[in-house]
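Chain residues, written in single-letter form:
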Amino acid sequence: MSAGTTQNGGDATRDSPSPVEEKAPKELALAALGSGSDIDAGLRGPNGEEYPTKEELETLRRVKGPINWIIYTIAFIELCERFAYYGTTAVFVNFISEPLPPGSTTGAGGTYLQAGALNQGQQASTGLVLFNSFWSYVMPLLGGYLADTYWGKYKTIHVAIVVAMFGHIILIISALPPVIANPRGALGCFSVGLIFFGIGVGFFKANISPMIAEQYESQQPRAIIRVLKSGERVVVDPVITISVIYMRYYFFINVGSLVGSIAMVYAEKYVGFWLSFTLPTALFIFCPLVLLAFSSKYTRRPPTGSVLGKAVALVGLSMKGRWSLNPIATIKNMRAPGFFERVKPSNIPVSERPAWMTFDDHWVDEVRRGFKACSVFVWYPIYWLSYNQLNNNLVSQAATMVLGGVPNDVVNNLDPIALLIFIPICDKLIYPALRRSGINLTPIKKITGGFVLGTLSMAVAAIIQHYIYMQSPCRDVQGYGYVDDCRSYLNRPADAPESEFKPPLTVWIQTPAYVLIALAEICASITGLEYAFTKAPKNMRGFITGVFWFSQAFSSAVSQAFVPLATDPYLVWLYMTVAIISALGGIGFWFNFAELDREEEALNALPDSLFKGSQNQDADFAALETAQVEQEKLRHAQGLDKNSAEGA
């Protein structure tokens, strides 16, 4: 990608903005245009591209733009990282909870014996798996902050790879046969490995997803008009294109997840856990190799210095004199109309502006939009509660049914299989058909659908668990059967047929639960990444993406409260409790953000800000300001400035 200034003045590698300046010249330029939504004159960009008018935005069909091949190299890097992550974590439950099979020193159980190593039980495995999830998803906050402030995304990703590689090596050591022979020592070594593993994963996740979308944004930051061969005029919408990019990016994620998980589970079953931890580490080496090979092709946004502190200070300034011991009153004050409008630099006399106010009005609008995104992510821990069952309790549930030689921790790969089927269907068929019909599935609507589907998946899991209990050979006439220890209760040998100590239920009846979770991911997980990118200030994308992933960490912490229910005979209550919470969360989410949903178009059309930070002193601020004026004119002509001002 070129490092020069593009049409929006802020999409190239030197994109950071300038100090606060008086707005009078810009305001006069806008005043010459007339009054916002009354203008429908066609506009053209500096390279001859035609921008849609207000009427065209409302009436023309929207399509995606061309996707550059360089984007797929970043998707491949994520594929390798996800192969390493899911290939490693797929065997965590069995490694922690199950005992060594008779005669095995590596944990391999062969075709008919259950693979295992440390024999710590389901509660211990659930707790450690949830800790790993928590740690891996809290670290993106730090990784995103460091990238935005000091290192930039590209460098931070390299740091993440080094730290994660060190964690992978420690996990390999914990699974070596001499180490497994001492379960307590192996568990300690494993726990240390999780620390470094999670730091690397978190730093990586905060930066790889915004980096992939920035490759397209640098080519086309604004919606333009295109005439198809059929003669139809359409709007090439960058927001739709970014949505498609994230869907395909998620497709690559699940290719890595699926192949890694299945391959490593069979490596665990027939060779041992040491191989299940070694092979993902080997593939992980491709990440830095590909990054270095194409480094000159990537659009890279430099850090701008301390950004988060300015955003927090902005909120503090607006809340001055409005704090209250009553939290409801404080929240009400923060959501009051004009909260961000009153702290725009143009509304504060120069003599009264704080020294840290080195930005313009448009950065305040971006911060407002970023806080809106964060408020959406506050609800995500409820959505993640159902998703979190995928890698622990549903794996354990599978072990209590007839497997027929299939490892229990392979079954949850029905989720990535479903994603690999339904992502292309949504990308190529469902979403385009809805757009042709004039139906616009906004992010808020999609996320609400994710809550609904997550609720249904947990209801299905509860029904399955009920029948497992009711049909268990160990079932007491008066209650549920204690399935986990059924074989020992019946005094059956280790190589006894499954039919003698398990309910007559095939493990594949879990399929509907996994498919519903996959559909929920398409609606909520993919959309969350898209929302973090499109709504964050451009110099805070790493951190806002970290906030999105932190919602997963917070959910994992909340899930620890359900660990006492993660045992027989309470598992039906566990799944139903999560289903009820998800249903209530979905209802609350929609009613809370229905109004924000109507702002979607205006929020996406905000002009790029001029921001002066400690690390962008050499930016061409004059060119950036000229481009910003053009963006303001465009937004004014499309009738989008009035809408966003009303929401300030």
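Keep in mind that this is a model prediction, so the values were computed, not measured. (Residues numbered from 1 in each chain as written. Predicted model: local features only at pLDDT ≥ 70, side-chain atom pairs only at ≥ 80, totals over all residues. Heavy atoms only, no water.)

## So, the overall build of the protein chain
Here is step 1: Helix and strand counts for the protein chain come out as 25 helices and 5 strands.
Here is step 2: For the protein chain, long-range pairs separated by at least 24 residues make up 82% of all intrachain contacts whose partners lie at least 6 apart in sequence. (Helix = DSSP H or I, 4+ residues; strand = E, 2+ residues; numbered from the N terminus. Contact = heavy atoms within 4.5 Å.)

## Considering the nonpolar core
Here is step 1: Core analysis: the largest hydrophobic core is formed by 155 residues, its most contacted members being F95, Y246, Y298, V376, F377 and Y380.
Here is step 2: The greatest single-element share of this core, amounting to 14 residues, is contributed by helix 8 (residues 183-217). (Core = buried A, V, L, I, M, F, W, Y, C linked by side-chain atoms within 4.5 Å. Buried < 20%, exposed > 50% of the residue type's maximum accessible area, 1.4 Å probe, protein only.)

## Comments concerning the state of the cysteines
Here is step 1: Following the criterion strictly, the structure yields 0 disulfides and no others.
Here is step 2: Cysteine C426 shares no disulfide, and the gap to the nearest cysteine sulfur, in C523, comes to 7.2 Å.
Here is step 3: Given the relative accessible area of 9%, C426 is considered buried. (Disulfide = S-S within 2.5 Å.)

## Concerning the confidence of the model for the protein chain
Here is step 1: Per-residue pLDDT for the protein chain has a mean of 84; in total, 87% of the residues score no lower than 70.
Here is step 2: When the criterion is pLDDT under 50, residues 1-42 qualifies, and its contacts beyond four places in sequence or with other chains add up to 121 contacts.
Here is step 3: Taken together, the stretch residues 643-648 has pLDDT below 50 and engages in 12 contacts with residues farther than four places along the chain or on a different chain. (pLDDT = per-residue confidence, 0-100.)

## Considerations on the side chain of S525
Here is step 1: Take S525: it is sitting in helix 20 (residues 511-535).
Here is step 2: Contact partners of S525, with chain neighbours within four places excluded, come to Y250, Y383, W384, A520 and F548.

## Some remarks on the sheet that holds strand 3 (residues 62-63)
Here is step 1: Taken in spatial order, the 3 strands of this open sheet run 3-5-4, and their pairing is mixed. Two strands close off the open sheet at either side, each with one partner strand: strand 3 and strand 4 (224-227).
Here is step 2: Pairing analysis gives 2 bridges linking strand 3 to strand 5 (residues 233-236), with the strands arranged parallel. What sits directly across from V63, in strand 5, is V236. (Pairing = 2+ DSSP bridges.)

## Considering the pairing of strand 4
Here is step 1: Bridge count for strand 4 against strand 5 is 4 bridges, and the pairing is antiparallel. Among the inter-strand pairings, R226 is bridged to a residue of strand 5, identified as V234.
Here is step 2: Following strand 4, the chain reverses through 5 residues before pairing antiparallel with strand 5; G231 in that reversal takes a positive phi of roughly 95°.

## Structural notes on the pattern of salt bridges
Here is step 1: With the rule as written, the count across this model stands at 20 salt bridges.
Here is step 2: Residues E214 and R301 are paired through a salt bridge, measuring 3.3 Å at the closest nitrogen-oxygen approach. With E214 in helix 8 and R301 in the loop between helix 11 (286-293) and helix 12 (308-318), the pair connects residues that are 87 residues apart, well separated along the chain.
Here is step 3: Between R541 and E214 there is a salt bridge, with the nearest N and O atoms lying 3.6 Å from each other. Within this pair, whereas R541 is found in helix 21 (residues 541-559), its partner E214 is found in helix 8, the two being separated by 327 residues in sequence.
Here is step 4: One network of salt bridges, with partners in common, ties together K153, E214, E217, R301, K538 and R541. (Salt bridge = Lys/Arg side-chain N within 4 Å of Asp/Glu carboxyl O.)

## Focus on a nonpolar patch on the surface
Here is step 1: A cluster of nonpolar side chains, M576, I580, L584, I587 and F591, forms an exposed patch at the surface whose accessible area comes to about 540 Å².
Here is step 2: Here F591 is to be found in helix 22 (residues 571-597).
Here is step 3: F591 sits in the exposed class, given a relative accessible area of 68%. (Patch = residues over 30% accessible without salt bridge, like charges linked within 9 Å, V, L, I, M, F, W, Y side chains within 5 Å. Areas by Shrake-Rupley, 256 points an atom, 1.4 Å probe, with all protein chains shown as cover.)

## Focus on the environment of R222
Here is step 1: Here R222 shows up in the loop between helix 8 and strand 4.
Here is step 2: Since its relative accessible area comes to 11%, R222 is described here as buried.

## Some points on the side chain of N388
Here is step 1: One can find N388 in helix 15 (residues 380-388).
Here is step 2: In this structure N388 comes out as buried when scored by relative accessible area, which is 6%.
Here is step 3: Polar side-chain contacts of N388 include one of 3.2 Å to the side chain of S555. (Polar contact = N/O pair within 3.5 Å; in protein donor to acceptor, adjacent residues only side chain to side chain.)

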